[in-house]
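Overview (structure and organization)
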There are 2 protein chains.
Amino acid sequence: MSKIITISRQFGSGGRTIGKLVAEALKIPCYDQDIIEKVAVQSGFDKNIIAEKGEYAASSNWFGNALSSVTNAPGTLNVQDNLWVAQRAVILELAQKGPCVFVGRCADYILQDKYALLRTYIYSDLESRKKRIIDVYGESSVSPEKRLREKDKRRTAYYRFYTDLEWGNPQNYDICLNSGTIGIQKCADILIDLYTS
Amino acid sequence: MSKIITISRQFGSGGRTIGKLVAEALKIPCYDQDIIEKVAVQSGFDKNIIAEKGEYAASSNWFGNALSSVTNAPGTLNVQDNLWVAQRAVILELAQKGPCVFVGRCADYILQDKYALLRTYIYSDLESRKKRIIDVYGESSVSPEKRLREKDKRRTAYYRFYTDLEWGNPQNYDICLNSGTIGIQKCADILIDLYTS
């Protein structure tokens, strides 16, 4: 049914782990936020190249939306915009290589209408997420509630800013899974089955 | 994993059909809105009985919320509230009989913490829903867009009023499925698999 799986996920929902499990089972690559960011930096998207691409992109619709609320002078891009442009280019390049899983970075939006996508949203209840971020990322001086709230806020704002869509609204996805009640392995199994059926 | 499946669904998403397919495959009953309403009327929930149950219920938390925005005099119930009380009682009675599927009527909310639930939300894109309501319910003098918009508004308001929760917010469900892209039979298959695993 689909060639590329995109995973949007709440922080602490295990979305990245689910992406890796799915990719392993399907023997396809899994590109997460760290990889995409690293490739963007390594690929020589220096400031000039990004600025040039940015200008080109600024004429298209998606970027027009994003720019409308940027406080920069018209036609200029800030650091986050540069990274967005670079990451977008990396995502489009990686997608061309063949079937894969993307975790985060608005890949669902960037690849829409270009590829057959299985658009996934992974979420969970607050208690499960609190437990998971302590297990996976360790304790911190900031309370788990605050860490989750801030990440959620950032992701919502980032997604809204660059896509003009509401992050976590089912309408933007093919399937939304509660990893806290369904379980991480079962979420992966459902996606593997959907992808191959 | 779960004994009772609850299905919340957008009008025209095929949620009721999915409920029936799942129930058939699992050989358990499927109670939809029509059945629940009919049983409520047949079961002799006349005005007095409903009023009595209503008074009892008014002391509990869920009903306190609902009543707070009703324009009736304190302690009295309007027709919709009476039906809600009657339907709630029917849902609780039917649930006691054993494993089953409930479609609509806030069954997810009514049965929470009382049973092991598989809480499902079925939705779809506007085009698929428009096509489906014409196929299933026939043409009407009102445009498909308007029929969908009004039903969505009513369901959102009903759910919010009686549960104080946001209808269609993934956080309230275990799984949300886009029947337009996944397909109605495949949605049913996923739920059957989840219920039996």
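Look a little higher up for the structure.
Below or above, wherever it landed, is the structure these notes cover. Because the structure is a prediction, the values reported are computed rather than measured.

Helix and strand counts for chain A stand at 10 helices and 5 strands. Across the 197 residues of chain A, 49% fall into the buried class. In chain A, the share of contacts with a sequence separation of at least 24, taken over all contacts with a separation of at least 6, comes to 71%. A total of about 9,500 Å² of accessible surface is found on chain A, and carbon and sulfur atoms cover 50% of it.

Okay, the interface of chain A and chain B next. On the side of chain B, 23 residues touch chain A, which itself brings 23 residues to the contact. When the buried surface of chain A facing chain B is broken down by residue, Y123, P170 and Q171 of chain A rank first, second and third, together holding 27% of it. Joining chain A to chain B, the criterion identifies 2 salt bridges. Here D193 of chain A ties to K186 of chain B by a salt bridge, and the two come within 2.9 Å at their closest N and O atoms. On inspection of chain A and its partner chain B, the count reaches 17 residue pairs in polar contact (both at pLDDT 80 or more). For the side of chain A that touches chain B, the residue count by class is 11 nonpolar, 7 polar and 5 charged.

Right, let's get into the side chain of K130 of chain B. Inspection of the secondary structure puts K130 of chain B in helix α7 (residues 126-137). Beyond its immediate stretch of four places on either side in the chain, K130 of chain B contacts P144, E145 and L148 of chain B.

Glancing now at the pattern of salt bridges. The tally for this structure, following the rule as stated, stands at 20 salt bridges over all chains. With a shortest N-O distance of 3.1 Å, K130 of chain A and E127 of chain A are connected by a salt bridge. With K130 of chain A and E127 of chain A both in helix α7 (residues 126-137) and 3 residues apart, the pair spans about one turn of that helix. Taking relative accessible area as the criterion, K130 of chain A reaches 15% and is therefore assigned buried. Note that R16 of chain B is salt-bridged to D34 of chain B, the shortest N-O span being 3.3 Å. Placement of the pair is R16 of chain B in helix α1 (residues 15-26) and D34 of chain B in helix α2 (residues 33-42), with a sequence separation of 18 residues. Judged by its relative accessible area of 30%, R16 of chain B falls in the partly exposed class.

So, about the relation of the copies chain A and chain B. Note on the identical chains: chain A maps onto chain B by a rotation of 180° and an axial translation of 0.0 Å, with an RMSD of 0.0 Å. Within this description, the copies of the chain are treated as partners about a two-fold rotation axis. In terms of C-alpha distance to the rotation axis, chain A has C176 of chain A as its closest residue, with the C-alpha 2.4 Å off the axis.

As a further point, take the sheet that holds strand β4 (residues 117-123) of chain B. Ordered by their spatial adjacency, 10 strands build an open sheet running β2(A)-β3(A)-β1(A)-β4(A)-β5(A)-β5(B)-β4(B)-β1(B)-β3(B)-β2(B), and the pairing between neighbours is mixed. For this open sheet the edge positions go to β2 (30-31) of chain A together with β2 (30-31) of chain B, each flanked by a neighbour on one side alone. Sheet analysis places strand β5 (residues 175-178) of chain A next to strand β5 (residues 175-178) of chain B, joined by 3 bridges and oriented antiparallel. In the strand pairing of β5 of chain B, I175 of chain A is matched with L177 of chain B.

Residues and elements named next belong to chain A. With 12 residues, helix α1 (residues 15-26) extends 16 Å from end C-alpha to end C-alpha; this agrees with the ideal 16 Å at 1.5 Å per step. Regarding α1, the residues found buried are G15, I18, G19, V22, A23 and L26. Looking straight down α1, one finds that the buried residues subtend no more than 130° of arc, so they occupy a single side. Considering only its buried residues, α1 is in contact with β1 (4-9), β2, β3 (100-103), β4 (117-123), α9 (179-182) and α10 (184-196). Once α1 ends, the next one or two residues include K27, with phi positive near 55°.

The subject of this paragraph is the pairing of strand β3 (residues 100-103) of chain B. All names here are of chain B. Burial along β3 is two-sided: the residues C100 and F102 and V101 and V103 are all buried. Here strand β1 (residues 4-9) pairs with β3 via 4 bridges, running parallel. Residue pairing across strands places I4 opposite C100, the latter belonging to β3. Two elements, β2 and β3, share 2 bridges in a ladder whose sense is parallel. Counted as the bridge partner of C30 is V101 from β3.

Looking at the element boundaries, Y109 of chain B is found in helix α6 (residues 107-111). On a C-alpha basis, the gap between Y109 of chain B and E139 of chain B in space is 33 Å, while along the polypeptide they are 30 residues apart.

Let's shift gears to the packing of aromatic side chains. Here the structure, examined in full by the defined rule, presents 18 aromatic pairs over all chains. Geometrically, the ring pair formed by W84 of chain A and Y158 of chain A is edge-to-face, given 6.0 Å between the ring centres and 70° between the ring planes. Of this pair, W84 of chain A sits in helix α5 (residues 79-96) while Y158 of chain A sits in helix α8 (residues 144-163), placing them 74 residues apart in sequence. One exposure class covers both W84 of chain A and Y158 of chain A, and it is buried. A ring pair is formed by F161 of chain B and Y162 of chain B, whose centres lie 4.8 Å apart and whose planes are at 90°; its orientation type is edge-to-face. By relative accessible area, which is 1% here, Y162 of chain B ends up buried. Among the aromatic residues, those joined into a ring-pair cluster are W84, Y158, F161 and Y162 of chain A. One residue, R105 of chain A, lies across the ring of Y158 of chain A, its end atom 4.7 Å from the ring centre.

Let us now look at the nonpolar core. In terms of nonpolar packing, the biggest core is built from 55 residues, with F102 and L111 of chain A together with F102 and L111 of chain B touching the most fellow members. In terms of residue count, helix α5 (residues 79-96) of chain B provides more of this core than any other element does, 8 residues in total. When residues no more than four places from it in sequence are discounted, the contact partners of F102 of chain B are I4, I5, T6, I7, Y31, I36, I91, L94, A95, A107 and L111 of chain B. V101 and L118 of chain A together with L177 and L191 of chain B belong to the second largest nonpolar core, which has 44 residues in total.

The rules behind these values
- Residue positions are given per chain, counting from 1 as you read along its sequence in written order.
- A letter from A marks each chain and a number from 1 marks each ligand, given out in the order of writing.
- The predicted nature of this model means local features are confined to residues of pLDDT at least 70 and side-chain atom pairs, given and counted, to a pLDDT of 80 or more, with totals for whole chains, interfaces and linings taken over all residues.
- Computation of side-chain values covers all heavy atoms of the structure but excludes hydrogens and water.
- Helix and strand definitions here come from DSSP, where helices need a minimum of 4 consecutive H or I residues and strands a minimum of 2 consecutive E residues; each element is numbered from the N-terminal end.
- Exposure classes here rest on a 1.4 Å probe applied to the protein chains alone. A residue is buried below 20% of its type maximum, exposed above 50%, and partly exposed in between.
- Here, residues are in contact when the closest pair of their heavy atoms is within 4.5 Å.
- Per-residue accessibility takes into account occlusion by the displayed protein chains alone, with areas from the Shrake-Rupley method and a 1.4 Å probe.
- Once two parts are joined, some of their accessible surface, as seen by a 1.4 Å probe, is lost; buried area is that loss totalled over both.
- Each reported salt bridge corresponds to a side-chain nitrogen of Lys or Arg within 4 Å of a carboxyl oxygen of Asp or Glu.
- Polar contacts, as used here, are pairs of N or O atoms within 3.5 Å; protein pairs need one atom able to donate a hydrogen and one able to accept it. Residues neighboring in sequence count only if both atoms are side-chain atoms.
- Each residue gets one of three labels, nonpolar for Ala, Val, Leu, Ile, Met, Phe, Trp, Tyr, Cys and Pro, charged for Asp, Glu, Lys and Arg, and polar for the others, Gly among them.
- The least-squares superposition of copies is restricted to C-alpha atoms, and to residues with a pLDDT of at least 70 in both copies.
- Pairs of strands are assigned from DSSP output, requiring at least two bridges between the strands.
- To estimate how far a helix should reach, multiply one less than its number of residues by 1.5 Å.
- When we speak of the arc, we mean the arc of directions from the helix axis to the C-beta atoms.
- For Phe, Tyr and Trp, rings pair up if their centres lie within 6.5 Å, where Trp contributes its six-membered ring, and each pair is then called stacked (planes under 30 degrees apart), edge-to-face (over 60) or tilted (otherwise).
- Counted as over-ring charges are cases with an Arg CZ or a Lys NZ within 6 Å of the ring centre that also lie within 35 degrees of the ring normal.
- As used in this record, nonpolar core signifies buried Ala, Val, Leu, Ile, Met, Phe, Trp, Tyr and Cys residues forming a set joined through side-chain atoms within 4.5 Å.

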